[in-house]
Structures are given as C-alpha cells and as structure tokens.
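The lines below spell out each chain.
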Amino acid sequence: MNRRRVNSQGSLGPDDEVMPYSDDETDDELDVSSEEEAEEPPGAPQPPVEVRPTEMAWKVKANDRPYHHLPEFEKKVFLCFKKSRYSGNAIKTYKYNVLTFIPLNLYEQFKRAANLYFLALLILQVIPDISTLPWYTTLIPLVVVLGVTAIKDLVDDLARHRMDKEINNRKCEVLLDGRFQETKWRDIEVGDVVRLKKNDFIPADILLLSSSNPNSLCYVETAELDGETNLKFKMGLRVTDERLQHERQLADFNALIECEEPNNRLDKFIGTMLWQRERYPLDLDNMMLRGCKVRNTEYCHGLVIFAGADTKIMRNGGKTRFKRTKIDELMNYMVYTIFVLLILVAAGLAIGHTFWYEEIGSKAWYLYDGKDQDASYRGFLSFWGYIIVLNTMVPISLYVSVEVIRLGQSKFINWDLQMYYAEKDTPAKARTTTLNEQLGQIEYIFSDKTGTLTQNIMQFKKCTIAGRTYGDPTTAEGVTLDRGRPVDWSWNHHADKKFQFMDHSLVSTVRSRKDKDATEFFKLLSLCHTVMVENKEGELVYQAASPDEGALVTAARNFGYVFLSRTQDTITIKEMDHEVTYEMLALLDFNSDRKRMSIILKFPDGRIRLYCKGADTVIYERLSPDSRHRETTQAALDIFANATLRTLCLCYKDISAAEWADWSRKHKEAQVSLSDRETALDTVYEQIENNLMLIGATAIEDKLQDGVPETIAKLAKADIKIWVLTGDKKETAENIGFSCSLLTDDMQLHYGEDVNEKLRIRQTNRRNEPQTVHRGRKKTAEPFFPMPGKNALIITGGWLNEILYEKKKKRRRLRLRRLGKRHHPTTPQDGQPMDDWEKEMRQIDFVDMACECEAVICCRVTPKQKANVVSLVKKYKKAVTLSIGDGANDVNMIKTADIGVGISGQEGMQAVMSSDYAFAQFRYLQRLLLVHGRWSYIRMCKFLRFFFFKNFAFTLVHFWYSFFSGYSSQVAYEDWFITLYNLCYSSLPVLLVGLLDQDVNDKLSLKFPKLYLPGQQGALFNYKNFFISLFHGIFVSLIIFFIPYGAFLQTMGQDGEAPSDYQSFAVVTASSLVFIVNLQISLDTSYWTFVNCFSVLASIAIYFGIMFDIHSAGIHVIFPSMFKFTGAASNALRQPYLWLTIILTVGISLLPVIFIQFLHKSISPSVGDKVQKNRKKYEMELEEEEKKKPSAFQRGGRSRRSAYAFSHSRGYADLIASGRSIRRRPAPRGGPQDSIREAPQREAENI
C-alpha cells in the first residue's frame, strides 16, 4: 500500500535541512539576523543594514596564566568576594566532602516533613508534664532511619567522587616552563598549550595549532558528543602549522585569542587570533571539543580556549534536576493527611479529657494527683500527650523501608543476566536507587536515533545492475536458495573479512568480466567518493565523511575494485589484478540540496567520463532518453524501499574534449566568484550533470540494533508512546521510522507545514471566540484528526521553532533591549502571539495534536529542543516520561525526563554519566519497563498499602482505649512493644514482599504487555487505596480492642484469679496484633519463597522471645524503671481462655478479607488475575514457542523509494581538491615576514 502524505499549502517555511539554535543564539548573532525584523508592514521599504563588528568578550592569552587572573577578568561570587571568570578544568558532580557531609546530609534529611516531625516529638517527650512515652521510643527508630539513609547517601556520593577523580586525574602533556610536562586534567588552565597523542581524549575545548599530519589535519571521533563513530576532520591555521611544530616555537607562542563567550552551540565557533600584529579568523573547523577522541593522528598541539564547566559538552548538559517519583509525591501528601487526622483525633480526645475531668476526674478523691491544674490546662497537656501516643500513625520507619526496597530492586536490575551484553561485557546499571517504581508508570518514551535505535553501521545488502537484482542467497550458477552461506573472499587479499554477501552469482559475474555493466558499477563505486585511505601495516583503512560512503567503497573493495590511494588530481584503484590511475578533473561534492555527487575522470586511454551517484528522485530527472532499464530499476528500488533499505542510483556520462573544455572554463569562473559562489557552482554543476546513462542502484541497510522493532511493538501494546528526537535529516529519520516499525503503511504522515496550518486555524478560531468563553472556563478541545485512521507527525527543528514561537521569543528579547519596552500588539497577527497566554495555548495545541498521533519524529533538532519537547509533554500532559540516548547531545533530554536512560557500551559515555539507568542495547528497555518496572511498582504499592494498614491497626487501639481511661493519654501497650513493633515484629515480612513479590513471572510479563496498564493509570496506589487501608486499619483495631475487652469483662481464670488486669490485656492485644499483621501479609503475598515463609514465622517467634525476656524478673531487677511488666506474659499466656480470645480476634479480623478477595477475583478479575489463573497453560505455550525457531520480524511493506542521505555534513571534497591532506608538508618558512595572506589566500588555495 502506498504511504499517504497530507498535501499542504506551499509556504515559505524554515529550511528542513538546517538545525536551528533558537534560544542558544548569542546576542551578537541576533544583531545581524533579526534586528530588522518585524514592525514595518511587508511593503515598506527596508533601509540598508549596516553590519557592525561585535566586540569579542572572551580573551585568551597563550602561555600566560597570570593574564587570566587580572582584575578585569574577575567576577563577583558573593558580596565582595571575587574569582576569575575562567573556569578551571576540574569537574565536580559530588555533593559532599568530609566537612559538609554530616551537617548537609542532616539538613537534607530534616527537609522531609516526617523526620522533622519526629524530632519535634522527641523534644516533646523530654518535657515531663507532656511525656506519656519514654524518649527512647522515638529516639531509637529516628537514629536508625537517619543512619541508614546517611549511609546510602554516602555510598552514592563516594561513587560520584570516584568518577570525578578518575576523569580529573587523567594525564595530558602541558607546556610549562618551556617544555612539555605530564599534567593532570584538573590542573590544566585556559591559555595552556597541550600536546595530544593518538587515541587520547581531548581534555578541554582546544584551538588546533599543528599536528603530525600534512597541513595540520587532525581526525577526531565525536562519539561522546553525538554517538556517531565516523571520523570528522579538524585543521589548524596555515600560519600556526608552519611556525608551531617544535617545542621551542610553541613556548614562544604568545597570541591573543578573542572569541565568543562560552555557549552550548556544538556547530558554531567564531573568533580571531592576533599574533605578530596580524589578525587571523577562527571557526569551528579549527576547534577540537572536549569529549572527542584523537584518531589517525600521531600527535597534535592545541591551545586551551574553554575549560571545565565552560566547555561546550558541559554547557549542553542542562541543569541537574532532583527527580522524585509520583509515588513519593503521593506518599508525602498522604503523610500530610495523616498529620491532619492525628491533630483532629488528638484535639477531639483532649476536649474529651477536659469534659471528663470536669464531670468525673475532679470529683473522684482517689484520682487526685496533687497538681492544682484546671480542666482546660489538663486538656491542653492531654492534646500533646496524644500527639506523642498516636505518633505511630505517621510511620517513622516508612521512609527507611522504602529506601531499602529501592536499593534491593536496583541490585536486581544490576544482576539481571538477561540485560547483560556479553559482546562488550556491559551489564545493566541502575545509577540511582530512588526511581525504580516510576519505571512501572511510563507513558511516553523519547528516543535518540543514531546509536540508540541504530548501530550507526551501514551494510551493503543488495543492488540492481542493468535491470537484474542481486543480494538474495544465490549459487554461482544463479539458482536461488532459501538459506545460503556467505561468499568466501579468500581470492581477494584486500577484502574486508567482516563484509558479508550472500549472492554468489554476482561475484562470479564480476570475476568473469563478461558483464560490462557490472564492471562499470563497481568501478564507479571505487572512484566516485570522497573517502580518504590510510595504509596501516599492510591493511587499507578507509576514513569516510559518512558511514554510507564507507560501506559502498568497502563493497567495491571486496568485489575486486580496490581504492588504493589518491592525490590532489589523481585516484588509483586496483581493478581485479592490475592497478589503474585515473586523472581527476573535477569533484562535484554532495550537499543537501543536490542530493548527489559526481566525479569527472580522464581515463588512461584519453576518454573523459563523468560518474554520478545520488538519490533516485534527482537522478531520474537527469537521465538521457536513451538510458535503458529505467522501469526495472525503479521496480527494484520499490522492493528495496519496502525492505527499508537506503537506495542510491548510479549512472555515467561520456564527455567530449570540446564539451569538457567549455564546461571547465565556466567551472573556474564560478570557483572565483566573490558573490554567492555556492549558487554559481550549483548552476555550473547542473549544466554537466544531464543526459546520464543509468547503470543500476545500491541498497544499504542502516543496521538497527537487535530487537528494536520487536521492542517498539511490545511497548506500543503496553500503551507506551515512542517519540524519536534526532539531529538527523528528515529523510534519514523517516526511513528509520519505517524500518523499526514506528511508522507503518496505514499511517497518514503530517509534516511541519501541515501542522503549522492546522495550529494557525485553531488559533484564528480561538481569537474569534468571545474573550470570556476561552479565557474563563475550559472547554473540551475538538480533535485535530477527526477522521478514523492512524496519524504520525514528522517535524523538523525549524518548524518546531516556528510553531512554538521560539524565534519570536528571541526577537522580542532583542527588541526589549533595544527599545526599552515592547507593547503587546493590539490587533491579531498571524504567526505572532498576542501575549503569553496565547503562546501557552499554542504549545498546548501542539502537544494535544502530537499526542493524538501514533508516532512522532522530530528531526534536525538541537539538544535544547529535545529537552523542550520533553518538558512540554511533562507540563501539559502530566505524564511520566523516559528519555533514552547515547551521546552528549542527549544529556539535556535525559536530565529533563522523569527517567533518563543512557546507552552504554558505545564509545560515548556522557549520556551514561547523566542517566538514571544504563545498559548496552535498546531492546533491554522492554525488560527494564515491563518486568523490573512493573514488579517494582506492584511491590512498592503493596508495601505502602500494607504499611499504612498495619500502623493504623496498631495505633488506633490507643484511640478506643482512651474512651475507657478518661482520655488520659494512657497507652494500651507496653512501652517496649511500641518501640519494637515497626522495627522487629512486623517489618521483615512486608519488607520481603516489597523486595521479592511478583504476580506473574518475567516471561509472562513480557508476553502480556497489557499487565503494564495499571501502573500508567496509578491504579494500585492512590487516595482510594489509602482510605481503604485506613478503614481496614480502623476495623482491625476495633476487633483487636473490643473482643479482648468483652472477653475480659467479669472473667475468672482457672486458678481463681481474674486475668482481666491492664497488663494481661496489653499482652493479649499485642499478641493478637502481631498474629493478624503477619497472617494478613501472608494473604497478600503472591510469590512464596522459603525466605517469605521464614520471615513470617521468625517475626512471630522474635515477638514471643523478646516479650518473655523483657517481662522476666531478671531484667526488672537490673532496670526497674524501664521494665515494669514483670511476669505479665507468662501469667497471661498460660490461660487457655486468653489463647482462645487471641484465636477469635485473629479469625474475625481475617475472614472478611478472605471473603472480599474471593469475591473480587471471581466476579471482576483484573488482567493480572486472569493471567495468574491460567499461568500453567501460558507457561507451557511459552515453552513450546521457545522450542520452535523464532520467525524473523517482518519489515514494513510500503511502496516508496527510500531517500538516501550521504552524510549530515559536507564531505571531504574541499580537502581533496585543495590537496591539504595529501601533499607533503612544505618546508618551514623563515620568519614573520613570510606570514601568509588572509581569506583571499585561503580561497585561492581551495581553487
């Protein structure tokens, strides 16, 4: 089925190929770019713009450290304290040091309302008139809680210290005192000259001065920045290349660099170098950024421009945000609710005590305590007494238990062997312990493309030559096979052994040399490119501007057409067994508008031929009417596109000597054109790239990571929406969207101009409504896509700025600065927000539209835009978000989302260092969310529900007891039972449920993604569940108090003594409570292990063991004031009547719960209940599926040609044409009088 694209009105929109930097622009750019915009009507005459040179605010003096500490470069830090504005190169991510750990950690812990509350309680318990419980009942749990949390924080911070220390202590050679000395990264300063060697990481943002390569060329790998492993080249200025090769010359170097201030723009740098009274321009090609790695360059020298926090990689990191889970926030609100309930109950009981004392207490002589206090004052003291007695309604051990559970769940993620990537020895790593249950509530995933969904590895998979398609498993005779074996390349000693191809017939055709088209096909691939070659120990190593080009030249190499070397004007290849050198007359490089590249060669026999390769859409327009195989090639292109392969058409043209001479003259004129040279060159290229003869087409696979389509499909079934945010081009991103099944044939695709038009119409309609209607009450918005069917959004960074008014925001800031104040427009203008409310509504509209779509792809977006998109969804949808990426350009997005995941195992580690979770492959995301996330959420919810229940059941017994004790703040239990209840008697079973419980196993969790939905809906822990726990606790506390109370009334024991004393009653109620709580958690446990069973029995045994000890006579003799229940347990529990009371209490408490659970699972079972019920059946099905061979995942069946992208940036054509990378280094020039000329010299050199 053909993919449908919505038609849109032609508009002058933003350039889809350009990556915008809306709010990251510096003010000096805006002076030129947007100063003149706006206020005049379109027809008004525009005055000529005067471009003023802006003052460069950042100054760096080479080899002069004291210069950067001058007073003029200092900034105020605090009051009168100042420090240098130039950052040191050390980075700091830790929070504490030896001196600040205890005070800072205690301050952070006491910011928690519960901890502060218990500290206040402790102070109250010291006051004798108020205290109803000994001080140690609060102090011991508080110290345990603070201690455990402090130890956890210390362990986390020590890990940060170790990572910082490892990076800051890396070694680098720095020029000090006239010679290079090995120095730690942290000691490097702005203005230092450093020497870097091959495979070294670059320690700061450095201006390249010279290198071991010709013309100070230096190759860098930018995987840390953008996840891409293909090499980029940087080049030093010619003047520094010629004069700064030796240590002595570098020591005498004293240039002053003036440049832009530190910013986060990875694609821009502007500056000048003033040296020996000459001024030289600097740009990004001269800069090597921190985090990159030096490759294929023996050594290079550079000058530190930005260090530490000022470097571009650190500036792109965004703010580190304190992340909290939804459950954390809910838990805090519930604790506040309990505070309110506690105050209301205490106030009610205090009022009861006031009335009781007036009516009864003051009149009973035997209750006189010797204190002359009136009823109101006694009621006031009773209020504080009950605050202390009922304090266990707010569970002090709740927070520490939650931390222990989270720590355990993090360890389970770390230990999961199914998330271990053996190929690179990379296990999954939970880098935080506070967000695990949030993994079970994800609604939106924001993913990078390169290195996250794809491996950034291109593979030559298929081709079509003269109408015949190759690439499927085939024998040498042309017989098609179901399963073939890879071609044996042993006949070609230049072959890349990693290259796999299944079609033996193509190899035999090429080796026979009978098919001229096949010969021309691979000859073109080996000649028409901008790849650089290096010979390493007899092995050819290719360096390509994009992995696509590298894949094509490698394919030609394996088929016997080996690219060997090139000079400025020749290119040498090996055609099977003999070398041929071709004269390169012209190289017509690729750019995003041309979507093709060509090379014009002079053959050894004198023929002149143009070879061209490019996207099919542009090649077909330029084919000769005599060109054959157009239809068959087009059919093959459609088949390749169905398999989501990146296609490329190959063609040639023979040129006569006269035609070449005429075109060459025009080409030289265009090259020296001083105005709009790029357009002039494109026009000349058009004149020669016509009447082409089609040879065939290639199909390259942009290799996805294993399991990506299956993972996306499974997450979609769990109702998780995936948005791809990438800096790649639109065609590439769209292509990957289809190959990973994010986009499908039945989706209607909407592009930036369509989206802008729909939003403009919605905005116009809103403006036409009465003000009171749309500004007052909210009305339900109509859907943007009312028609049935699936929709997808593909939008570029430029359109994103246009839609969200980002450009307008920047221009408004500029006008405010210029004009003093800007008045809001009084009349609506299309494309202009009238006020902040309208801008916000536009953002809401965009988010609503995007969320109506099945898939969203944002391409050519900046790191800041990625973070902004995540923020918009968080802000307006209140959804739980997850971002996943692998490069420094993903750090901001990772930090902005509720959960950040870094892909490790690649070269780049910046994303991992900023992430909350890290693993090596995208496919592990489904296990992280659907298994670990879901289990963590279920466990935490079950733990919290039960924890609140057991504390309500425990505490509210005091409330019922107060009605029979004159509201006198008397406790219903023994003091030590109150102290140890949450620590020893009821903590272990519920803790193990929080750590180990699972409703279904991991395989069934993955088989039924719908099990994930309750977490997204927050169905297992909310205010409804909280109040159910509260009423359950009230019910159980009623039973625990009133059944023993009724049993004790008018009772006689076997020995003639009445067991109805206060201490026996306290023992019976406490024993009943311990049995009920431990048996109730047993009913709630879904997954039984030996440890769970042991914990329940051990808790009951510990209770009886400790109780008999502290009720013994021996301990009473040692501490008479602290242990007053001497013999109470042994006296009470020898009465069978009281054991019967305990059994009756426990039975009546548990039977209703069993009955309700039975009814719920019978009448309205959840998805989890149904899966549990048929668990055995499903497990058998899974075993059978595993025995069968897994079927290959079916790719999309769309009928469209896949757009081919050479690279996201320009190739090496300028470099090759100039000969800078090839010719020998010129001899060093004599002195300053030989200083090179400025820009004209550089332009002439390019020619």
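Residues numbered from 1 in each chain as written. Predicted model: local features only at pLDDT ≥ 70, side-chain atom pairs only at ≥ 80, totals over all residues. Heavy atoms only, no water.

### Overview of the pattern of salt bridges
When their charged atoms lie close together, side chains carrying opposite charge are able to pair. In the structure shown here, the tally under the stated rule is 49 salt bridges. Among the ionic pairs, Asp-64 bridges to Lys-61, the shortest N-O distance being 3.8 Å. Exposure remark for Asp-64: the relative accessible area of 23% places this residue in the partly exposed category. For Lys-61, a relative accessible area of 24% gives the class partly exposed. (Salt bridge = Lys/Arg side-chain N within 4 Å of Asp/Glu carboxyl O. Buried < 20%, exposed > 50% of the residue type's maximum accessible area, 1.4 Å probe, protein only.)

### Some thoughts on the confidence of the model for the protein
The share of residues in the protein with pLDDT of 70 or more is 84%, and the mean pLDDT across the chain is 80. This model gives residues 821–827 a pLDDT under 50, and the stretch forms 11 contacts once residues within four places in sequence are excluded. Within the model, the stretch residues 1205–1209 combines pLDDT values under 50 with 23 contacts to residues more than four positions away or in other chains. (pLDDT = per-residue confidence, 0-100. Contact = heavy atoms within 4.5 Å.)

### Regarding empty space enclosed by the protein
Picture a little ball the size of a water molecule; that probe, rolled over the atoms, points out where space is still empty. Within the structure shown, the criterion is met by 10 cavities of 30 Å³ or more. If you trace the largest cavity, you find 15 residues lining it, with Thr-137, Pro-141, Thr-392, Ile-396 and Ile-978 closest to the centre. Among the secondary structure elements, those contributing two or more residues to the lining of the largest cavity are helix H4 (136–168) and helix H30 (975–985). Of all the elements, H30 adds the most residues to the lining of the largest cavity, at four residues. Partitioned by chemical class, the residues of the lining of the largest cavity number eight nonpolar, seven polar and no charged. The computed volume of the second largest cavity comes to approximately 90 Å³. Along the walls of the second largest cavity sit Tyr-973, Glu-974, Phe-977, Tyr-985, Ala-1066, Val-1067, Ala-1070, Tyr-1103, Met-1107, Ile-1110, His-1111 and Phe-1125, which together make up its complete lining. Looking at the lining of the second largest cavity, the elements that each hand over two or more residues are H30, helix H35 (1062–1084) and helix H36 (1090–1110). In terms of residue class, the lining of the second largest cavity is made up of 10 nonpolar, one polar and one charged. (1 Å grid on protein atoms, 1.4 Å probe; cavity = no way out; pocket = protein on both sides within 12 Å on 5 of 7 lines; lining within 4 Å. Points joined across faces, edges and corners; volume = space filled by probe spheres on them. Helix = DSSP H or I, 4+ residues; strand = E, 2+ residues; numbered from the N terminus. Nonpolar A, V, L, I, M, F, W, Y, C, P; charged D, E, K, R; others polar.)

### Side note on the sheet that holds strand E13 (residues 278–282)
In a beta sheet, neighbouring strands pair by backbone hydrogen bonds and run either parallel or antiparallel. Strand order in the open sheet formed by four strands is E2-E11-E12-E13, and the pairing between neighbours is antiparallel. The sheet is open, and its two borders are formed by strand E2 (58–61) and E13, each paired with just one other strand. The sheet shows a mean angle of 20° between the axes of neighbouring strands, taken without regard to direction. Sheet topology note: the strand E12 (residues 271–275)/E13 ladder contains five bridges and is antiparallel. (Pairing = 2+ DSSP bridges. Axes fitted to C-alpha atoms, helices over the stretch in contact; angles between N-to-C directions.)

### Overview of the nonpolar core
Within the largest apolar cluster, 100 residues are counted, with the highest numbers of intra-cluster contacts made by Phe-943, Leu-944, Phe-977 and Leu-1073. It is helix H29 (residues 924–962) that contributes the most residues to this core, 17 residues altogether. Aside from chain neighbours lying at most four places away, what touches Phe-943 is Leu-398, Ser-401, Val-402, Ile-405, Val-990, Leu-991 and Gly-994. Of all hydrophobic cores here, the second largest spans 56 residues; its members include Tyr-67, Phe-180, Leu-207 and Leu-282. (Core = buried A, V, L, I, M, F, W, Y, C linked by side-chain atoms within 4.5 Å.)

### Examining the packing of helix H13 (residues 516–527) against helix H14 (residues 547–558)
Packed helices, taken two at a time, are described by the angle their axes make and the gap between the axes. Running from N to C, H13 and H14 cross one another at 130°; their axes reach a closest spacing of 8 Å. Taken as axis vectors, H13 and H14 run oblique relative to one another. The hand of the H13/H14 crossing is left-handed. Residues Phe-522, Leu-525 and Ser-526 of H13 form the contact with H14, whose participating residues are Leu-552, Val-553, Ala-555 and Ala-556. (Parallel < 35°, antiparallel > 145°, perpendicular 65-115°, else oblique. Left-handed = near helix turned anticlockwise from the far one by under 90°.)

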